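Observations on the three-dimensional arrangement
The primary structure of each chain is shown beneath.
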Amino acid sequence: MKGVLLVNLGSPESPTPKDVKPYLDEFLMDKYVIDVPFLLRALLVRGIILQTRPKKSAAAYAKIWWDEGSPLVVISKRMHAKVKQLVDVPVSLAMRYGNPSLLSGLQELHDKGVNEVLLFPLYPQHAMASTTTILELAEDLRKKHFPEMKFTIVPAFYNKPDYIKNLADSIKCHLEGFDYDHLLFSYHGIPERHIRKTDITKSHCKIDGSCCSTPSPAHEFCYRHQCYETTKQVVKLLGIPEGKYSQTFQSRLAGDKWLTPYTDVEVNKMPEKGIKKLAVVTPAFVSDCLETLEEIAMEANHEFKAHGGEEFLAIPCLNDSDDWCKTVSNWITNWSNASSTVKVDSEKMNA
Ligand SMILES: C=CC1=C(C)c2cc3[nH]c(cc4nc(cc5[nH]c(cc1n2)c(C)c5CCC(=O)O)C(CCC(=O)O)=C4C)c(C)c3C=C
Ligand SMILES: [Fe+2]
Ligand SMILES: [Fe+2]
């Protein structure tokens, strides 16, 4: 019997340093997130980052926390509830870090008799720090607890026509009545090293002006290419002219060189370039979260105005919108009706 596991990133249990610390420990001790040898990672994370960051992050979480809990988890649950109503197979929800855990999600499906699972990472673009880590943990749990289960993986959907249409429609709807000077596409950043590591050709990704627009098999896993592609396809559909939009990367940690240009740096420069009314969309996330609600809608908004900007619009993520839930349900239904389950055919997902 077939079933689906939707997987998002996850949040702490509460916006307090006591709960943020174990969440950050699980997150940052992940070898796909801080990809250095264990001892160095433990020294960096436990010896340095966890000494101060839980307090700072808890204060940020406190600013965006809802009565029902973390926005990311609450929104994921709402989306899950809607999708469940639209499909004929069991659908469970899990988080890579925190709760509901991947183990509990797989157990729930197993208890319903599911032995063929569609693993659905809720990330439009592929990154080892988001997608690979889900797939690896799921595989470990499968081997240990559910050896009879078979997995099918939903690939990154950064360029799937119905996802692009949902995103473009949502942007258009939110921009109505906002006479914007500029639309910024701000994606979660990753260290440049991660791009090189996921380059399956081991030679294509130079992280320069042309590699991401030069066709290559590397693009199947290149986060940077996939971000550019999402932006390109959305602006094409919306007819936004060159110069009226740009793309940046946010949420970097100190240390490594992360993908550039950086959102905070660029946003602060915009008012002096004549951009007074700015709209920001965050397509690396399908659910609003700390990075969109605090870093963009609060911090970037504040900094933009402090640097001379006048109006700022943070466009919400797709969240549990009916159109997005329908798209997800259609992909699930196309998979569950297909006879072969070995590999999801990305074209079929958009049939
Ligand atoms: C698009 C998906 C994500 C990628 C890729 C990603 C990479 C990445 N993240 C960190 C460090 C942190 N990220 C944090 C929060 C956070 N990250 C994502 C998504 C991706 N991260 C989301 C959805 C969230 C919000 C979670 C929520 O509960 O709302 C945090 C925690 C908050 C903080 O202290 O800033 C950290 C830390 C790294 C190092 C990384 C790639 C190497
Ligand atoms: Fe992150
Ligand atoms: Fe590239």
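**What to know about the pairing of strand E5 (residues 182–188)**
Of all seven residues in E5, six are buried, a share of seventy percent or more. Inspection of the sheet shows E5 paired to strand E7 (residues 277–281) by four bridges, in the parallel sense. Bridge pairing links His182 to Leu278 in E7. In the sheet, E5 pairs with strand E6 (residues 245–250) via six bridges, with the strands oriented parallel. Looking at E6, one finds that Tyr187 is bridged to Phe249.

**A closer look at a nonpolar patch on the surface**
Taken together, Leu40, Leu43, Leu44 and Ile48 make up a surface patch of nonpolar side chains, about 360 Å² in accessible area. Note on placement: Leu43 falls in helix H2 (residues 38–64). What makes Leu43 exposed here is its relative accessible area of 55%.

**What to know about the sheet that holds strand E2 (residues 91–95)**
Across the sheet, which stays open at both edges, the four strands sit in the order E2-E1-E3-E4 with parallel pairing between neighbours. Only two strands of the sheet have a single neighbouring strand rather than two, namely E2 and strand E4 (150–153). The mean angle between the axes of side-by-side strands here comes to 25°, regardless of whether they run parallel or antiparallel. By the bridge criterion, five bridges tie strand E1 (residues 2–8) to E2 in an arrangement that is parallel.

**Things to note about the pairing of E2**
Of all five residues in E2, five are buried, a share of seventy percent or more. Going residue by residue along E2, you find Val91, Leu93 and Met95 tucked away on one face and Ser92 and Ala94 tucked away on the opposite face as well.

**With respect to unusual backbone geometry**
Of note, the amide linkage connecting Asn99 to Pro100 takes the cis form, showing an omega dihedral of -5°. Cis geometry is adopted by the peptide bond preceding Pro261, which originates at Thr260 and carries an omega value of -5°. At Lys202, a position not held by glycine, the phi torsion is positive, near 65°. Along the chain, Lys202 turns up in the loop between helix H7 (192–197) and helix H8 (223–238). When its relative accessible area of 60% is taken as the criterion, Lys202 is described as exposed.

**Topic: the site of ligand 1**
Residues in contact with ligand 1 amount to 27 residues; listed here are only the nearest, Ser11, Arg53, Ser57, Tyr61 and Leu290. Within the contact set of ligand 1, an oxygen atom lies 2.5 Å away from a side-chain nitrogen or oxygen of Ser57. Relative to its free-state accessible area of 810 Å², ligand 1 is covered by the protein chains to the extent of 97%. Of all the elements in the fold, those that place two or more residues in the shell around ligand 1 are helix H1 (17–28), H2, helix H5 (128–145) and helix H10 (290–293). In terms of residue count, H1 provides more of the shell around ligand 1 than any other element does, four residues in total. The residue inventory of the shell around ligand 1, partitioned by class, reads 19 nonpolar, six polar and two charged.

**As for the sheet that holds E6**
Taken together, four strands build an open sheet; the order of strands is E6-E5-E7-E8 and the sheet is parallel. Edge positions in the sheet fall to E6 and strand E8 (311–314), since each has one partner strand and no second. When strand polarity is set aside, the average angle formed by the axes of neighbouring strands in this sheet is 25°. In the packing of H8 onto the sheet, the strands contacted are E5 and E6, and the crossing angle to E5 comes to about 155°. Relative to E8, helix H11 (residues 295–306) is tilted by about 165°, and along the sheet it contacts E5, E6, E7 and E8.

Cut-offs applied
- Residues numbered from 1 in each chain as written.
- Chains lettered and ligands numbered in written order.
- Predicted model: local features only at pLDDT ≥ 70, side-chain atom pairs only at ≥ 80, totals over all residues.
- Heavy atoms only, no water.
- Buried < 20%, exposed > 50% of the residue type's maximum accessible area, 1.4 Å probe, protein only.
- Helix = DSSP H or I, 4+ residues; strand = E, 2+ residues; numbered from the N terminus.
- Pairing = 2+ DSSP bridges.
- Patch = residues over 30% accessible without salt bridge, like charges linked within 9 Å, V, L, I, M, F, W, Y side chains within 5 Å.
- Areas by Shrake-Rupley, 256 points an atom, 1.4 Å probe, with all protein chains shown as cover.
- Salt bridge = Lys/Arg side-chain N within 4 Å of Asp/Glu carboxyl O.
- Axes fitted to C-alpha atoms, helices over the stretch in contact; angles between N-to-C directions.
- Near = heavy atom within 4 Å.
- Polar contact = N/O pair within 3.5 Å; in protein donor to acceptor, adjacent residues only side chain to side chain.
- Nonpolar A, V, L, I, M, F, W, Y, C, P; charged D, E, K, R; others polar.
- Contact = heavy atoms within 4.5 Å.

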